[in-house]
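Residue strings, one per chain:
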Amino acid sequence: MKTDQFPINGNEHASFNLLKSALDSSITGIIITDNNLPDNPIIYCNKAFEKLSGYHRSELIGRNCRFLQGRERDQKARKDLREAISKGESIVTEIRNYKRNGELFWNELHISPIKDDAGIVSHFVGVQNDVTRRKNAEENLIFERNAVEQKVKARTEELKANQEYLDGIVQTVRQGLLVLDPQLNVISANDFFFRTFKVENRDTIGKKLYKLGNGQWDIVGLKVLLEQLLPTNNPVLDFEVEHDFPHIGKKLMLLNAHRIELNGKYKDRILLAIEDITEYRAAEVRKDEFLSVSSHELKTPLTTIKGYYQTLNKLIGKDLSPKALNIFEKTGQQIERLQRIISDLLDMSRIETGNLELHKESLDFDQLISEVVTESRNLFPSHQILVQGKLGKTVLGDESQLVQVLHNLISNAIKYSPNEQKISIHLSEVSNFAKLSVTDYGLGIAMEDQKRIFDRFYRASDIQKHFPGMGVGLYISEQIILHHGGTLWVDSEPGKGATFSFTLPIATRKVNHE
Amino acid sequence: MICDDDIAILEMVEIIMEDTSFVVSTEVDSRKLVKRLHEENIELLLLDLWMPVLSGEDILKTIRTDPALNKLKVMVMSAGRDAQTVAMDAGANNFIAKPFDIEDLIEQLEHL
């Protein structure tokens, strides 16, 4: 946290810094939200909250806390919270939140309003504790007490049924599955595992995982993760192993491991899923090459068309009749449009191969937005574009790429609100980030689509039929914002419209006039 | 001298150059280019990057190690991925991305 985020005098710096260090060394998560800004965004979080939630500060600042509840929007605690916040009262509650990796944690939340001199609530301070362990213990206790008798009776049958049920699943999936004990001995394996690796029962069961085959799983990094899995409960996610395996040759395998959970209780067993992604990855590489080559091939004739078009414009542009001139101008606009579509394809292949280059410079963000808005007003006379707020500071960024993001969000907002007359843009400073929101009052986005609209080629299903587009704009935009150290997200309610917001770090140094 | 394996682009650039002060020659086969550069006293080369057999990058590297061509200015034009970095690393004096504005092209060539 920079000291210039709060209005303090020079001689207060020492005590401020002390306070800041104290907050950061607290093991309790602390956040502050600004009630004067739209949607009450987070403007401060301490280190403990980053640890607690698994989100980096840059992913938290600017957002409303509700996103931590994931899809559990109908919790009772949420209603209580909403009431307390709207009345400006303090509240203590326990709410189910989700970490960045999707893991559930019980958050014991103390919220207190901070009032300004006029008695108006300006901020909320949230003090948060992960009480998952206690909560689990409580739940387990209740569960145990109620169930003990019943359980003894039902246990044998239940276990048998569970076993059959699990066996059914385990044998059906199209992934190699291994069950490991805490010492990483293989307890069981499914048929698909044997088929994938062309091995037999006696080569596998009872052996240590890292002694299988020719030592393909004897990888220090993997071993550490697996050994920590049971004590910490942290799953192993998408661990890639490229290896020359016995019988099947060089393959790329994707490993995922989780602690086995039965009836809501954890067992001391690890389920390791192994997937052969060799072909999949090769296809990805071929596709990226195809994107790169095809956009090059498309640009080559476009170069000629554009060159001739501009030459023709110079030669006869002045002598054309109004009608011919109109046609001529429209042709030019479509050439530019084609060029943008091809650029999008190329951008995507660059992102896919990690080759997105940023040419960062200090940018006057207010001016950048005003230029894009002016241009958009000419392009989309159907909608009024309202702009609120000013930043008054510079951000460090790649101008053409940020312009592309703005164009994307504005044209999407207009495209998906065909029956409306306006969209709004809101600009604010949130902690050391610039936050920009583009709001439309159109169709909105269904909850299940909200995460996936940032995937490339993804187009929300009922929308696809009615609106043109390739489904790459938001993917590219999110990648550009991520590459700038910011976050892009959406808040939407179907039928009421959508707000796409992003944050960008504010440049810490003054603009260099070179 | 303009060198591109795409004849349509060669013709187009040649036509737009007609109204400028440049005297233009063209070459579609990159393998013949270096020999012609020696023979024809070329001052300025507009070079494509992705060409079959002998690429623009290879040609640039040859030019930059040939003392007889040390006064030759080279501008690279390309629609390829990361072409600008490749071109400048190989010793180009300037770079323009395809598709370009013809005004930009001529202005940048005049300022080389």
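Residues numbered from 1 in each chain as written. Chains lettered and ligands numbered in written order. Predicted model: local features only at pLDDT ≥ 70, side-chain atom pairs only at ≥ 80, totals over all residues.

### What about the overall build of chain A?
Now for step 1: When helices and strands are tallied, chain A shows 15 helices and 17 strands.
Now for step 2: Within chain A, buried positions represent 25% of all 514 residues.
Now for step 3: When contacts within chain A are restricted to residue pairs at least 6 apart in sequence, those whose partners lie at least 24 apart make up 54%. (Helix = DSSP H or I, 4+ residues; strand = E, 2+ residues; numbered from the N terminus. Buried ≥ 20, exposed ≤ 12 C-beta atoms within 10 Å, placed from the backbone. Contact = placed C-beta atoms within 7 Å.)

### Description of the interface of chain B and chain A
Now for step 1: Between chain B and chain A, the residue contacts involve 17 residues of the former and 18 residues of the latter.
Now for step 2: Per element, the largest residue contribution to the side of chain B that touches chain A is 6 residues, and it comes from helix 1 (residues 7–17) of chain B.
Now for step 3: When grouped by side-chain class, the residues that make up the side of chain B that touches chain A number 11 nonpolar, 1 polar and 5 charged. (Nonpolar A, V, L, I, M, F, W, Y, C, P; charged D, E, K, R; others polar.)

### Quick notes on the pairing of strand 17 (residues 497–505) of chain A
Residues and elements named next belong to chain A.
Now for step 1: Buried residues dominate strand 17, accounting for 8 of its 9 residues.
Now for step 2: Sheet analysis places strand 15 (residues 433–440) next to strand 17, joined by 8 bridges and oriented antiparallel. Of the residues in strand 17, the one forming a bridge with Asp 440 is Ala 498.
Now for step 3: Note: strand 16 (residues 488–493) against strand 17, 6 bridges, orientation antiparallel. Within strand 17, the position partnered with Leu 488 by the bridge is Phe 502. (Pairing = 2+ DSSP bridges.)

### Regarding helix 15 (residues 473–483) of chain A
Two residues of an α-helix separated by three or four positions point the same way, owing to the 3.6 residues in each turn.
Residue and element names in this part refer to chain A.
Now for step 1: Buried residues dominate helix 15, accounting for 9 of its 11 residues.
Now for step 2: For helix 15, every residue scored as buried is listed here: Gly 473, Leu 474, Tyr 475, Ile 476, Ser 477, Glu 478, Gln 479, Ile 480 and Ile 481.
Now for step 3: On its buried side, helix 15 packs onto helix 10 (322–352), helix 12 (399–415), strand 16 and strand 17.
Now for step 4: Within two residues after helix 15, Gly 485 carries a phi angle of roughly 80 degrees, on the positive side.

### Section: unusual backbone geometry
Now for step 1: The residue after Lys 98 of chain B, namely Pro 99 of chain B, is reached through a cis peptide bond having omega -5 degrees.
Now for step 2: Of note, the phi angle at Asp 39 of chain A is positive, near 65 degrees, even though the residue is not glycine.
Now for step 3: On the secondary structure map, Asp 39 of chain A appears in the loop between strand 1 (29–34) and strand 2 (42–45).
Now for step 4: Under the C-beta neighbour-count criterion, Asp 39 of chain A is labelled partly exposed, with 16 such atoms within 10 Å.

### Some thoughts on the confidence of the model for chain A
Now for step 1: Across chain A, pLDDT averages 86, with 94% of residues at or above 70.
Now for step 2: Per-residue pLDDT stays below 50 along residues 510–514 of chain A; that stretch engages in 3 contacts with residues further than four places along the chain or on separate chains. (pLDDT = per-residue confidence, 0-100.)

### Description of the sheet that holds strand 3 (residues 91–98) of chain A
In a beta sheet, neighbouring strands are held together by backbone hydrogen bonds and run either parallel or antiparallel to one another.
Residues and elements named next belong to chain A.
Now for step 1: Pairing is antiparallel across the open sheet formed by 5 strands, whose spatial order is 2-1-5-4-3. Only two strands of the sheet have a single partner each, and these edge strands are strand 2 and strand 3. Going across the sheet, the axis of each strand differs from the next one's by a mean of 30 degrees, ignoring polarity.
Now for step 2: In this sheet, strand 2 lies alongside strand 1 in antiparallel orientation, the contact comprising 3 bridges. Directly across from Ile 31, in strand 2, lies its bridge partner Cys 45. (Axes fitted to C-alpha atoms, helices over the stretch in contact; angles between N-to-C directions.)

### Re the packing of helix 10 of chain A against helix 15 of chain A
All names here are of chain A.
Now for step 1: Running from N to C, helix 10 and helix 15 point in directions that differ by 50 degrees, and their axes come no closer than 10 Å. The angle between helix 10 and helix 15 falls in the class oblique. Here helix 10 runs over helix 15; the crossing is left-handed. Contact residues: Asp 344, Asp 347, Met 348 and Ile 351 in helix 10; Tyr 475, Ile 476 and Gln 479 in helix 15.
Now for step 2: Of the residues in the contact of helix 10 with helix 15, the class split is 4 nonpolar, 1 polar and 2 charged. (Parallel < 35°, antiparallel > 145°, perpendicular 65-115°, else oblique. Left-handed = near helix turned anticlockwise from the far one by under 90°.)

### Some remarks on the confidence of the model for chain B
Now for step 1: Looking at chain B, pLDDT values average 92 and 100% of them are 70 or higher.
Now for step 2: Model confidence for the complex is summarised by a pTM of 0.56, with the ipTM given as 0.87.

### A short note on the sheet that holds strand 1 (residues 2–3) of chain B
Residue and element names in this part refer to chain B.
Now for step 1: Overall, parallel pairing links the 5 strands, which are arranged 2-1-3-4-5 in an open sheet. Every other strand in the sheet has two partners, leaving strand 2 (26–27) and strand 5 (94–97) as the edge strands with one partner each.
Now for step 2: In the sheet, strand 1 pairs with strand 2 via 2 bridges, with the strands oriented parallel. Bridging across to strand 2, Cys 3 finds its partner in Glu 27.
Now for step 3: Running at roughly 150 degrees to strand 3 (residues 44–48), helix 3 (residues 56–64) makes contact with strand 3 and strand 4 (73–78) of the sheet.
Now for step 4: On the sheet, helix 5 (residues 102–110) packs against strand 3, strand 4 and strand 5 and is oriented at approximately 175 degrees with respect to strand 5.

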